[in-house]
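Residues per chain, in single letters:
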2 protein chains.
Amino acid sequence: MSIGPDDTRPSGGRPGTTREQCEALDAADPLAGFRAEFTLPDKGVYLDGNSLGALPVRTAERVREVVEEEWGRELIRSWNDAGWFEQPYRLGGRIAPLVGAAAGEVVVCDTTSVNLFKVLAAALRLRPGRRTVLGDGAAFPTDLYIAEGVTGLVGGARSVLLPSTTPEELERHLDGDVAAVVLSHVDYRTGELLDMAAVTAQVRAAGALMIWDVCHSVGALPVELGSCGADFAVGCTYKYLNGGPGSPAFLYVAERHQAAAEQPLSGWFGHARPFAFEPAYAPTGGIGRFLTSSPSLLGQAALGAALDVWERADLRAVRAKSLALTDLFISLVEPLDGVEVVTPREHHRRGSQVALRHRDGYPVVQALIERGVIGDFRAPDLMRFGFTPLYVSYAQVWDAAQQLAEVLESGEWREERFNRRGAVT
Amino acid sequence: MSIGPDDTRPSGGRPGTTREQCEALDAADPLAGFRAEFTLPDKGVYLDGNSLGALPVRTAERVREVVEEEWGRELIRSWNDAGWFEQPYRLGGRIAPLVGAAAGEVVVCDTTSVNLFKVLAAALRLRPGRRTVLGDGAAFPTDLYIAEGVTGLVGGARSVLLPSTTPEELERHLDGDVAAVVLSHVDYRTGELLDMAAVTAQVRAAGALMIWDVCHSVGALPVELGSCGADFAVGCTYKYLNGGPGSPAFLYVAERHQAAAEQPLSGWFGHARPFAFEPAYAPTGGIGRFLTSSPSLLGQAALGAALDVWERADLRAVRAKSLALTDLFISLVEPLDGVEVVTPREHHRRGSQVALRHRDGYPVVQALIERGVIGDFRAPDLMRFGFTPLYVSYAQVWDAAQQLAEVLESGEWREERFNRRGAVT
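Per an unreviewed UniProt entry, chain A goes by the name Kynureninase and belongs to Kitasatospora indigofera. Note on chain A: under the UniProt heading Subunit (unreviewed entry), the record states "Homodimer."

Shown next as structure tokens:
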């Protein structure tokens with residue numbers, strides 16, 4: 001089965017879409033101009049921006065400036081003169097509007113896992129009579145491993161995994177011992193979006209603290225940590241935000257918790273007077289007490305360039321295009337043999353990726369990659385395709401669906417070279 | 001008082017040295033060729049490489065390659081194809097010979113503070129009946145703050161600060177409750193070098209684990225973690241190693257501890273099967289269990305370029321020149337009015353920096369910086385000067401001493417602009 005240029009196959013109750021129609025959608029796309037802000041491979045369709053975002057055009061120059069000028073020429077003076085000390089706060093303040101937070105509620109530092117450790121430890125201290133951390137058994141595992149790590153260190157604490165994140169299941173587990181609940185806003189496999197406001201309200205009504213992992217939603221849709229009443233959040237910047245491989249992560253602490261929150265990765269960057277070199281720790285006021293130590297200035301430089309792009313992007317337009325792209329992809333691929341669309345159809349339950357179940361998902365993804373359509377695979381049988389509205393076009397979505405149809409029809413994925421397992425896909 | 005070109009003032013029992021003699025020393029310096037491996041300011045003397053090392057010439061290009069080619073062009077494929085997953089191990093293996101370790105005993109990740117948290121938590125678990133962590137009250141404070149953080153999280157544990165690091169003081173504190181001792185190999189203020197072999201033996205004889213912070217010794221002198229019997233170590237790469245601002249840190253775990261050591265920042269990069277996405281944590285074998293999550297690939301690229309330089313450097317020659325440079329500087333500045341040399345004179349007790357006490361150290365350092373001699377200041381009254389043998393020449397040491405003499409003689413440091421406090425120095 002292939003999708004020809006004039007194909008108008010009906011799918012899922014929607015009329016089929018031709019490539020010409022996609023080109024017309026691109027011509028009318030208010031975000032189309034953003035594509036020129038990225039350096040992208042000449043050929044192919046990149047649908048893995050939910051794992052590693054693309055390179056903004058100005059990033060290389062900004063990194064070069066930090067390396068050659070701030071470091072190479074000014075050396076140690078740049079800590080003061082180039083504002084290196086302020087960067088964690090300044091970058092945090094620039095991420096804040098993307099997650100519905102005030103500037104003083106977000107700081108950029110370390111990695112998502114390290115930051116989750118900090119906020120989990122802080123949450124356990126803020127709820128001293130309670131010893132349980134609830135997580136989602138289907139969450140990206142590093143969150144579960146970190147919950148295991150922090151509860152294993154704190155006497156009497158325990159990490160409990162939910163079998164699902166339905167309101168009923170949450171209710172069943174939200175007893176008086178739950179100190180904190182950690183959930184992903186968007187599921188890394190299925191792309192399912194949780195109702196942040198409803199879940200947060202339910203958790204807080206039970207006296208627990210709500211910690212959101214927004215790795216798969218920041219930059220993909222408007223995130224409203226503040227108005228939803230979230231207590232803490234962590235997120236990475238290398239997916240939809242395009243900060244670069246291993247770019248620094250961020251964390252959010254609601255202003256109401258900042259005076260009392262204490263975290264154990266209490267390095268000198270979180271000290272009230274770091275250059276007094278006092279032997280005893282005394283946390284600084286505000287979000288700064290969640291800092292630990294020297295940030296990667298190169299990583300921060302790349303993130304700064306990526307956030308320049310986000311300053312011009314309207315998140316509502318991003319969300320509208322994201323839903324249109326994923327709608328389009330779903331409608332084109334759902335008729336394909338052996339393919340099951342796992343991602344929810346309802347807009348309010350969908351992030352910005354589409355997960356397809358296929359018995360031979362691994363080699364199918366490899367064959368697609370050889371054809372220039374970059375998605376990825378998550379065991380045991382999910383093919384993931386991320387749709388990043390700033391640089392993916394409707395015509396590319398059409399092309400990707402066409403390539404998938406051709407791979408499945410040809411059976412080329414059965415070739416041996418597509419069935420050798422690498423570390424990632 | 002000034003040091004004229006033909007000055008032969010005696011100092012500390014040694015004959016004075018002329019600039020011409022320094023130039024002759026430079027001409028005979030076996031490490032002189034390394035200066036061309038660094039991009040340095042045209043003018044001035046950089047004596048703060050003990051805080052932020054200089055930029056290696058090849059770093060900018062290597063970072064550009066990672067940004068534009070590995071990230072920009074190959075995108076997600078670089079995790080496999082460019083060996084991103086292997087980088088923490090590969091870089092660790094390249095640092096290993098600089099600290100006297102086997103390749104599988106060192107891994108590059110996170111920051112020094114975060115890594116100290118990991119090894120401290122691991123050490124407490126390896127000594128379950130013991131609850132005390134001993135530190136040096138004069139250590140770089142982040143180590144003390146982290147010890148406070150980890151012991152505060154672990155029920156019943158406590159952090160105790162030594163008033164000094166003499167064998168007698170250590171003996172007095174090394175009771176049966178001490179699980180681990182954390183000490184800096186070189187004191188960040190005074191530049192004093194501890195006897196790693198003797199201290200480690202004393203600590204281990206008391207049944208405790210020895211954790212070294214080698215931030216101020218790695219790249220400054222041969223460090224022998226393995227033959228000294230060290231249990232754990234942490235270090236940064238942005239000082240003598242020249243990895244760049246906020247470059248990734250490293251940690252060392254003696255092979256004998258790796259199978260049993262468990263650390264609580266148990267992110268997915270430390271999992272035995274990270275891409276199986278299992279809900280329960282199961283640490284991988286070896287040093288990898290001390291990894292947490294995605295490293296900064298930009299920071300790692302810069303570190304890789306810096307280590308290229310170190311592959312050609314003989315650490316014994318580095319140590320010999322370091323001692324000669326610091327000897328020279330001490331001999332030139334010790335006669336200056338109001339200056340007290342705090343750094344030990346004995347070679348076996350000296351790292352690669354010289355600390356001078358001066359009542360008005362802060363403005364004196366500022367006046368020196370304006371003259372192009374970059375050192376730094378540590379409260380309350382210490383001026384620090386770091387001597388990095390790969391790119392500091394004997395003539396520069398002479399020039400720096402001359403500038404210091406002129407600043408002190410002129411009294412220019414009394415000017416108001418030198419007395420305004422910035423965040424650092």
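After that view, the rundown keeps rolling.
## Description of the overall build of chain A
The secondary structure content of chain A amounts to 14 helices and 15 strands. The C-alpha radius of gyration of chain A comes to 22 Å, within 12% of the 22 Å expected for a compact globule of 425 residues. A principal-axis box enclosing the C-alpha atoms of chain A has dimensions of 70 × 60 × 40 Å. Each of the 425 residues in chain A was classed as buried or not, and the buried ones make up 65%. If you take every contact in chain A between residues at least 6 apart in sequence, the share linking residues at least 24 apart comes to 71%. Approximately 14000 Å² of chain A is accessible, and the part contributed by carbon and sulfur atoms is 51%. In chain A, which carries 41 positive and 54 negative side-chain charges, the distance between the mean positions of the two groups comes to 3 Å.

## With respect to helix H14 (residues 394–410) of chain B
Residue and element names in this part refer to chain B. A rise of 1.5 Å per residue sets the reference length of H14, with its 17 residues, at 24 Å; its end C-alpha atoms lie 24 Å apart and thus fit the reference within 8%. Counting buried residues along H14, 12 of its 17 residues qualify, which places the element largely inside the surrounding structure. Within the span of H14, buried status applies to Tyr 394, Ala 395, Gln 396, Val 397, Trp 398, Ala 400, Ala 401, Gln 402, Leu 404, Ala 405, Val 407 and Leu 408. Looking one or two residues beyond H14, the residue adopting positive phi is Gly 411, at roughly 70 degrees.

## Thoughts on the domain arrangement of chain A
Residue and element names in this part refer to chain A. For chain A, the assigned domains read domain 1 (19–56 + 314–419) and domain 2 (83–311). Distance from the C-alpha centre of domain 1 to the C-alpha centre of domain 2: 29 Å. Counting across the interface, domain 1 meets domain 2 through one salt bridge. A salt bridge links Arg 349 to Glu 192; its shortest N-O distance comes to 3.1 Å. Taken together, the links from domain 1 to domain 2 amount to 12 residue pairs in polar contact (both at pLDDT 80 or more). Sorting the residues of the side of domain 1 that touches domain 2 by element identifies helix H12 (315–333), strand E12 (353–357) and strand E15 (382–386) as the ones contributing at least two each. The biggest single contributor to the side of domain 1 that touches domain 2 is H12, with four residues.

## Section: the packing of aromatic side chains
Describing an aromatic ring pair means giving the distance of the ring centres and the angle of the ring planes. Within the structure shown, the criterion is met by 39 aromatic pairs over all chains. Arranged with centres 5.0 Å apart and planes meeting at 85 degrees, the rings of Phe 140 of chain B and Tyr 188 of chain B form a pair that is edge-to-face. With Phe 140 of chain B in the loop between strand E5 (132–136) and helix H6 (141–153) and Tyr 188 of chain B in the loop between strand E7 (178–184) and helix H8 (196–205), the pair connects residues that are 48 residues apart, well separated along the chain. Summarising the aromatic geometry, the rings of Trp 268 of chain B and Phe 277 of chain B are spaced 6.3 Å apart at their centres and angled 25 degrees between planes, so their arrangement reads as stacked. Given a relative accessible area of 12%, Trp 268 of chain B falls into the buried group. Taking relative accessible area as the criterion, Phe 277 of chain B reaches 6% and is therefore assigned buried. An aromatic cluster of three or more residues is present, and its members are Trp 79, Trp 84, Phe 85, Trp 268, Phe 269, Phe 275 and Phe 277 of chain A together with Phe 140 and Tyr 188 of chain B.

Cut-offs and rules
Residues numbered from 1 in each chain as written. Chains lettered and ligands numbered in written order. Predicted model: local features only at pLDDT ≥ 70, side-chain atom pairs only at ≥ 80, totals over all residues. Heavy atoms only, no water. UniProt positions renumbered as here; feature names shortened; annotations may be inferred. Helix = DSSP H or I, 4+ residues; strand = E, 2+ residues; numbered from the N terminus. Rg over C-alpha atoms; globule rule 2.2 N^0.38 Å. Buried < 20%, exposed > 50% of the residue type's maximum accessible area, 1.4 Å probe, protein only. Contact = heavy atoms within 4.5 Å. Areas by Shrake-Rupley, 256 points an atom, 1.4 Å probe, with all protein chains shown as cover. Lys, Arg positive; Asp, Glu negative; His and termini not counted. Charge placed at Lys NZ, Arg CZ, Asp CG, Glu CD. Expected span 1.5 Å × (residues − 1). Domains from an automatic or database assignment. Salt bridge = Lys/Arg side-chain N within 4 Å of Asp/Glu carboxyl O. Polar contact = N/O pair within 3.5 Å; in protein donor to acceptor, adjacent residues only side chain to side chain. Phe/Tyr/Trp six-rings, centres within 6.5 Å; stacked < 30°, edge-to-face > 60°.

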